[in-house]
Amino acid sequence: MNRTDGLVRRTVKYRENGAEGAAGGLNANTPDDNQDPNDSGKDQEDNIDDGDSKETRLTLMEEVLLLGLKDKEGYTSFWNDCISSGLRGCILIELGIRGRVMIEKSGMRRRGLCTRKLILKSDQATGDVLLDEALKHIKETDPPETVQSWIEYLSGETWNPLKLRYQLKNVRERLAKNLVEKGVLTTEKQNFLLFDMTTHPLNDNVVKCRLVKKIQDSVLSKWVNDPQRMDKRMLALIFLAHASDVIENAFAPLNDDDYEVAMKRVRELLDLDFETEAAKPNANEILWAVFMAFTK
């Protein structure tokens, strides 16, 4: 897959929410950029919980799904076949940021990110059902597997029948229910002629507008032109929103000039040498391993 697929065209979308709704504050559920990636999972989870306690905190999976959901209809596009694997990439990065998994050392032969295995760092429960289910699968697997393999296993996109038991089922629905519990979405039933479907329309516009504004600012007013200085969760969100084919939804409200700048900077991130970035001091290797998995 070409790293810049999906960035060439712009689908002009106008929502009732519009750009004016995106004036909310920035989400505070981000870890310190200066955090040592080798710190304990507990320390990294403390970073996730920093900030305004009244602000709704979302996981990477919830943020990507929220970007992909249609506000009024409450479901993702039927044509989006990327979001399933994208959400599994979010799960692996969440586990990496929380200090539960890591990429094995490159060794004397300097093996690349694609061939190095994902290994357990801590089996301490995260408190998130999806994350803990994935963590359980990783813990029980011997010998370890690569990041690419785990994305396929967790998505159920594998030809190996022995690995189908690792598939995480109903991920979108389970994430949507999490967002309902947090007051961001609501639950409705919609009739589609031949069947009824449970949908989750937007209930709290402020949370989604804050998310959109946060992404926009990261590539516009708060652009730092150095991925190593970017907040790691925000960097992951940009990459995985692109991999899930929902990044357009964050940029659609922008005027043409800002849209062009934002897309140009996303392309700059996609064109980075992931191996080089992963080898830099304090880099979180699992981020770059997941990014690379989506460009193969």
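Please read all numbers here as calculations on a predicted model, not as lab measurements.

Brief notes about the overall build of the chain
- Within the chain, the secondary structure is distributed over 12 helices and five strands.
- Per-residue burial over the chain gives 50% buried out of 296 residues.
- Sequence-distant contacts, at least 24 apart, represent 71% of the contacts inside the chain between residues at least 6 apart.

Some points on the confidence of the model for the chain
- On average, residues of the chain score 83 in pLDDT, and 81% of them are at 70 or above.
- No element of the chain has a lower mean pLDDT than helix α1 (residues 41–48), which averages 44, and none a higher one than helix α10 (residues 256–270), which averages 97.
- Across residues 4–53, where pLDDT falls below 50, the model places 100 contacts with residues more than four positions away in sequence or in other chains.

Considerations on the pattern of salt bridges
- According to the stated counting rule, one finds 14 salt bridges in the structure shown.
- The salt bridge involving E94 is made with R233; its shortest N-O contact spans 2.7 Å. Pair noted here: E94 is in helix α3 (residues 83–97) and R233 is in helix α8 (residues 232–243), with a separation of 139 residues, a long-range link.
- Classification of E94 by relative accessible area gives buried; the value is 0%.
- Exposure remark for R233: the relative accessible area of 3% places this residue in the buried category.

What to know about the side chain of T76
- Structurally, T76 is set in the loop between α2 (60–68) and α3.
- Its relative accessible area of 11% is what places T76 among the buried residues.
- Side chain to side chain, T76 and R172 meet in a polar contact 3.1 Å long.

Focus on the sheet that holds strand β3 (residues 145–146)
- Taken in spatial order, the three strands line up as β1-β2-β3 in an open sheet, and their pairing is antiparallel. Strand pairing shows two members of the sheet lacking a second neighbour, β1 (101–103) and β3, which therefore form its edges.
- Note: strand β2 (residues 117–120) against β3, two bridges, orientation antiparallel. Opposite L118, over in β3, you have E145 as the bridge partner.

Observations concerning the pairing of β2
- Summarising the sheet, β1 and β2 pair through three bridges and their orientation is antiparallel. Bridge assignment links V101 to a residue of β2, and that residue is L120.

Thoughts on the packing of helix α4 (residues 129–140) against helix α6 (residues 171–181)
- Orientation of α4 relative to α6, taken along the N-to-C sense of each, is 140°, at an axis distance of 10 Å. Here α6 runs oblique to α4, going by the angle between their axes. Facing α4, whose interface residues are V129, L130 and E133, α6 presents V171, R174 and L175.
- Residue composition of the contact of α4 with α6, by class: four nonpolar, no polar and two charged.

A short note on the environment of G68
- By the secondary structure assignment, G68 is in helix α2.
- Classification of G68 by relative accessible area gives buried; the value is 10%.
- Sequence separation between G68 and E248 is 180 residues, and the spatial gap between their C-alpha atoms is 9.3 Å.
- Excluding its chain neighbours within four sequence positions, the residues that come into contact with G68 are Y75, T76, S77, V246 and N249.

With respect to the packing of aromatic side chains
- Within the structure shown, the criterion is met by nine aromatic pairs.
- Each ring, one from W150 and one from Y166, has its centre 5.1 Å from the other, and the planes form 55°; the classification is tilted. Separated by 16 residues along the polypeptide, W150 in helix α5 (residues 147–155) and Y166 in the loop between α5 and α6 bring together distant segments of the chain.
- By relative accessible area, W150 is classed as buried at 1%.
- Measuring from ring centre to ring centre gives 6.2 Å for F239 and W288, while their planes differ by 75°; the resulting arrangement is edge-to-face. Note that F239 is positioned in helix α8 and W288 in helix α12 (residues 285–293), a separation of 49 residues in sequence. Residue F239 shares its accessibility class with W288, and that shared class is buried.
- In textbook terms, an aromatic cluster arises when at least three aromatic residues are bridged by ring pairs, as seen for F239, F274, W288 and F291.

Some remarks on α8
- Here α8 is 12 residues long and its end C-alpha atoms lie 16 Å apart, about the 16 Å a rise of 1.5 Å per residue gives.
- By the criterion of burial, α8 is predominantly enclosed, with 12 of the 12 residues buried.
- Considered for burial, the residues of α8 that qualify are K232, R233, M234, L235, A236, L237, I238, F239, L240, A241, H242 and A243.
- Two or three places before R233, at the start of α8, stands the capping residue D231, its side-chain oxygen 3.0 Å from that residue's backbone nitrogen.

Criteria and cut-off values
Residues numbered from 1 in each chain as written. Predicted model: local features only at pLDDT ≥ 70, side-chain atom pairs only at ≥ 80, totals over all residues. Heavy atoms only, no water. Helix = DSSP H or I, 4+ residues; strand = E, 2+ residues; numbered from the N terminus. Buried < 20%, exposed > 50% of the residue type's maximum accessible area, 1.4 Å probe, protein only. Contact = heavy atoms within 4.5 Å. pLDDT = per-residue confidence, 0-100. Salt bridge = Lys/Arg side-chain N within 4 Å of Asp/Glu carboxyl O. Polar contact = N/O pair within 3.5 Å; in protein donor to acceptor, adjacent residues only side chain to side chain. Pairing = 2+ DSSP bridges. Axes fitted to C-alpha atoms, helices over the stretch in contact; angles between N-to-C directions. Parallel < 35°, antiparallel > 145°, perpendicular 65-115°, else oblique. Nonpolar A, V, L, I, M, F, W, Y, C, P; charged D, E, K, R; others polar. Phe/Tyr/Trp six-rings, centres within 6.5 Å; stacked < 30°, edge-to-face > 60°. Expected span 1.5 Å × (residues − 1).

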